[in-house]
Amino acid sequence: MALFDELGGAAAVDKAVDIFYRRMLADDRVARFFEGVDMDKQAAKQKAFLTMVMGGPHNYTGKDMRTGHAGLVSKGLNDTHVDVVIEHLGAVLKELGATDAQIGQVAALANSVRNDVLSR
Amino acid sequence: MPALRCDGQSVPVEAGESLLEALLKAGVPLPHSCRAGACQSCLVKVTAGEPPAGSQVGLRPALAQQGFVLGCLARPEHDLEISTDAAAAASIRGTIVGVTPLSRDVVLVSISPSEPLSYRAGQFLTVLRDDGLARSYSIASLPGSPYLDFHVRVLPGGRMSQWFASAPVGSDVALRGPNGECFYDPAAVDMPLVLAGTGTGLAPLWAVLHDALRHGHRGPIDLLHGARDPEGLYLVDALEAVAGTHPNVSYSPCVLTGSVERTTVGALDDVVFGRYSNLAGHQVFLCGDPTLVQKMKRRAFLAGARLADIHADAFVTAPKPGVAS
Ligand SMILES: Cc1cc2nc3c(=O)[nH]c(=O)nc-3n(C[C@H](O)[C@H](O)[C@H](O)COP(=O)(O)OP(=O)(O)OC[C@H]3O[C@@H](n4cnc5c(N)ncnc54)[C@H](O)[C@@H]3O)c2cc1C
Ligand code: HEM
Ligand code: FES
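The model shown is predicted, which means the values in this text are computed figures rather than measured ones.

Okay, the interface of chain A and chain B next. Across the contact, 11 residues belong to chain A and 10 residues belong to chain B. Buried surface at the junction of chain A and chain B, summed over both partners, amounts to about 1,000 Å²; 61% is from carbon and sulfur atoms. When the buried surface of chain A facing chain B is broken down by residue, D18, R22 and M39 of chain A rank first, second and third, together holding 53% of it. In this structure, the connection of chain A to chain B is made through 2 salt bridges. Joining chain A to chain B, the criterion identifies 5 residue pairs in polar contact (both at pLDDT 80 or more).

Structure representation (structure tokens):
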């Protein structure tokens, strides 16, 4: 079975998005990057993020990740922030019952676009 | 540059410009108010081409599927044909049958619709005057009542609200909608409800409160109404009566200054979040002043409410006349 389905698919993303987004807003290390005026729009983007790193269907390219995060890089986005995101991602997935092996696969997917996200 | 046609006429549009800006510049009088995607006054229908990215945010799925977009959010990137008639056709007529004061600066405006309108208590309608002035107002009455009731705050120099206040009883307006997600969900019958709003933000909360009671809501309902001073509160006696007769309803009027009996002094958000440090499992309704609504929405979410359980209407007003946005 594909990783995305193992993790529970779109329904799992729906469950994870509130918990994940709340953790981002509550963590002073990264909160400033997520201070979108419109919370619903921000949440939709978190959902896109979760779907992508959980191995779900998406159309994002490395170039999209570059342009999507370029504004954040100019505000100081660096490796430590990616680490924080991956740390929370692991905690959320654990809360939803994922195994360590699955969490490792998700972290690897996130890391595979690290250079694009950081415009390197 | 994308080619834009509106109702069959070619309209010049500059890169990055919104449909609303382009149409107004070309002298097409598209109704509008907030210019920020909140009031849905500027609805147009895309008849050829793709709706521009992000131009359907907050629209009912039925409208979005038919190709309606918000003119103030739509920035065309490709050729587009739009119609303003389709949006106009989606409106009904209404006659103002009463304007009565509720407080120093709030009036109750009752409108008789020309045909029955299907809506959920707490949604909002766009009221269009015959000269094209459009403003959105939350419906304070319940489905089934003969009239649509609105609580209108009369603003100094306010174009629509001053017109309402001067009692044009018998005047006709057009009504478009309903829109908005601020309504009671009967599936939440056992959940605690927190209703918090400032000023005429009480209108949708009043409707949600009464709709919940009509559905036999069993969970606690806590209504907090904020105003600058006691004169800004209204329907106080009526709300105290509801709380007095329903053991699960509580009502807290809050003011910033000038304490009177049974009134809490403090900023509404501080009162709300002083009372609720954990909102997991609650339905939260937030209406009124846009800055406060955004702030409370964030705090409610951080306090554990699910985004899907937070229903908010920010009463975004039009930018000051002459100020381009
Ligand atoms: C979804 C939605 C629902 C709404 N529901 C309601 C409702 O139920 N009841 C209601 O009364 N309004 C409601 N509004 C606001 C309403 O649509 C109008 O914006 C409002 O009535 C002002 O319109 P106007 O033509 O009288 O004023 P305008 O001629 O548009 O002038 C408004 C001007 O007043 C200024 N202003 C804004 N707030 C204040 C203030 N507190 N004191 C002094 N000046 C101020 C603004 O800078 C603005 O330039 C809602 C708005 C939205 C988007
Ligand atoms: C680890 C790898 C990451 C991946 C795969 C990823 C993926 C995504 C995706 C798919 C989107 C949605 C893009 C869109 O549809 O517009 C997005 C947006 C966003 N991401 Fe990331 N992201 C990553 C890391 C980060 C980090 C580390 C931060 C900040 C700490 C961050 C902050 C944001 C923000 C704020 C947005 C919304 C931007 C906007 O408002 O347009 N992302 N990301
Ligand atoms: S939604 Fe476009 S003007 Fe208000």
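All names here are of chain A. In the vicinity of ligand 2 there are 20 residues, among which F33, K45, F49, Y60 and H69 approach most closely. One of the side-chain nitrogen or oxygen atoms of Q42 is found 3.4 Å away from an oxygen atom of ligand 2. Here an oxygen atom of ligand 2 sits 2.5 Å away from a polar atom, N or O, in the side chain of Y60. When residues of the shell around ligand 2 are traced back to their parent elements, those giving at least two are α3 (39-53), α4 (62-74) and α5 (79-95). Its residues placed into classes, the shell around ligand 2 shows 16 nonpolar, 3 polar and 1 charged.

The next subject is the coordination of the iron atom of ligand 2. Donation to the iron atom of ligand 2 from the protein comes from one atom only, H69 of chain A (NE2), at 2.1 Å. With respect to the helices and strands, the residue H69 of chain A is situated in helix α4.

For chain B, per-residue confidence averages 93 on the pLDDT scale, and residues scoring 70 or more make up 98% of the total. Both scores are available for the predicted complex, with the pTM at 0.91 and the ipTM at 0.85.

This part is about the nonpolar core. Y21, L50 and M54 of chain A together with L268 and L279 of chain B are the most contacted members of the largest nonpolar core, which totals 59 residues. Among the elements that line this core, the one with the most residues is helix α2 (residues 9-26) of chain A, at 8 residues. Setting aside anything within four residues of it in sequence, one finds L279 of chain B in contact with V194, F273, V284, A300, A303, G304 and A305 of chain B.

Residue and element names in this part refer to chain B. By nearness alone, 24 residues border ligand 1, and S136, Y137, R159, M160 and S161 come closest of all. One of the backbone nitrogen or oxygen atoms of S138 is found 3.1 Å away from an oxygen atom of ligand 1. The fraction of the free accessible surface of ligand 1 (990 Å²) that becomes covered by protein chains is 85%. Within the residue set of the shell around ligand 1, elements represented by two or more residues are β9 (134-138), β10 (148-153) and α4 (159-165). It is β9 that provides the largest number of residues to the shell around ligand 1, a total of 4 residues. Its residues placed into classes, the shell around ligand 1 shows 12 nonpolar, 8 polar and 4 charged.

In a beta sheet, neighbouring strands are held together by backbone hydrogen bonds and run either parallel or antiparallel to one another. All names here are of chain B. Across the sheet, 6 strands lie side by side as β9-β8-β11-β6-β7-β10; this open sheet has antiparallel pairing. Because the sheet does not close on itself, it has two edges, and the strands there are β9 and β10. Within this sheet the neighbouring strands show an average axis-to-axis angle of 40°, counted without direction. Inspection of the sheet shows strand β6 (residues 92-101) paired to strand β11 (residues 172-179) by 4 bridges, in the antiparallel sense. Paired with R93 across the two strands is A174, which belongs to β11.

Let's shift gears to the packing of helix α5 (residues 202-214) of chain B against helix α6 (residues 236-245) of chain B. All names here are of chain B. Close contact between α5 and α6 brings their axes to 13 Å; oriented N to C, the two are set at 25°. Classified by the angle between their axes, α5 and α6 sit roughly parallel to one another. Between α5 and α6 the crossing geometry is left-handed. Judged by residue contacts, L202, W206, L209, H210 and L213 of α5 engage A238, L239 and V242 from α6. Considering only residue class, the contact of α5 with α6 consists of 7 nonpolar, 1 polar and no charged.

Here we take up α2 of chain A. Its 18 residues place the ends of α2 of chain A 26 Å apart at the C-alpha level, agreeing with the 26 Å of an ideal helix rising 1.5 Å per residue. Taken as a whole, α2 of chain A carries its principal kink of about 35° at A16 of chain A. Three or more residues of α2 of chain A are buried, namely G9, A12, V13, A16, V17, D18, F20, Y21, R22, M24 and L25 of chain A. Where the residues of α2 of chain A are buried, they touch α1 (3-6), α3 and α5 of chain A together with α8 (290-302) of chain B.

As a further point, take the packing of α2 of chain A against α5 of chain A. Helix-helix packing: each pair is described by the crossing angle between the helix axes and the interaxial distance. All names here are of chain A. Between α2 and α5, the shortest axis-to-axis distance is 10 Å and the interhelical angle comes to 140°. Crossing geometry of α2 relative to α5 is assigned as right-handed. Residues A16, I19, F20, R23 and M24 of α2 form the contact with α5, whose participating residues are V85, H88, L89, A91, V92 and E95. Classifying every residue of the contact of α2 with α5 by side-chain character gives 8 nonpolar, 1 polar and 2 charged.

What counts, and where the lines are drawn
Residues numbered from 1 in each chain as written. Chains lettered and ligands numbered in written order. Predicted model: local features only at pLDDT ≥ 70, side-chain atom pairs only at ≥ 80, totals over all residues. Heavy atoms only, no water. Contact = heavy atoms within 4.5 Å. Buried area = accessible area lost by both parts, 1.4 Å probe. Salt bridge = Lys/Arg side-chain N within 4 Å of Asp/Glu carboxyl O. Polar contact = N/O pair within 3.5 Å; in protein donor to acceptor, adjacent residues only side chain to side chain. Near = heavy atom within 4 Å. Helix = DSSP H or I, 4+ residues; strand = E, 2+ residues; numbered from the N terminus. Nonpolar A, V, L, I, M, F, W, Y, C, P; charged D, E, K, R; others polar. Donors = N, O, S within 2.8 Å, 3.2 Å for Na, K, Ca; no water. pLDDT = per-residue confidence, 0-100. Core = buried A, V, L, I, M, F, W, Y, C linked by side-chain atoms within 4.5 Å. Buried < 20%, exposed > 50% of the residue type's maximum accessible area, 1.4 Å probe, protein only. Areas by Shrake-Rupley, 256 points an atom, 1.4 Å probe, with all protein chains shown as cover. Pairing = 2+ DSSP bridges. Axes fitted to C-alpha atoms, helices over the stretch in contact; angles between N-to-C directions. Parallel < 35°, antiparallel > 145°, perpendicular 65-115°, else oblique. Left-handed = near helix turned anticlockwise from the far one by under 90°. Expected span 1.5 Å × (residues − 1). Bend = angle between axes of the 7 residues up to and from the residue.

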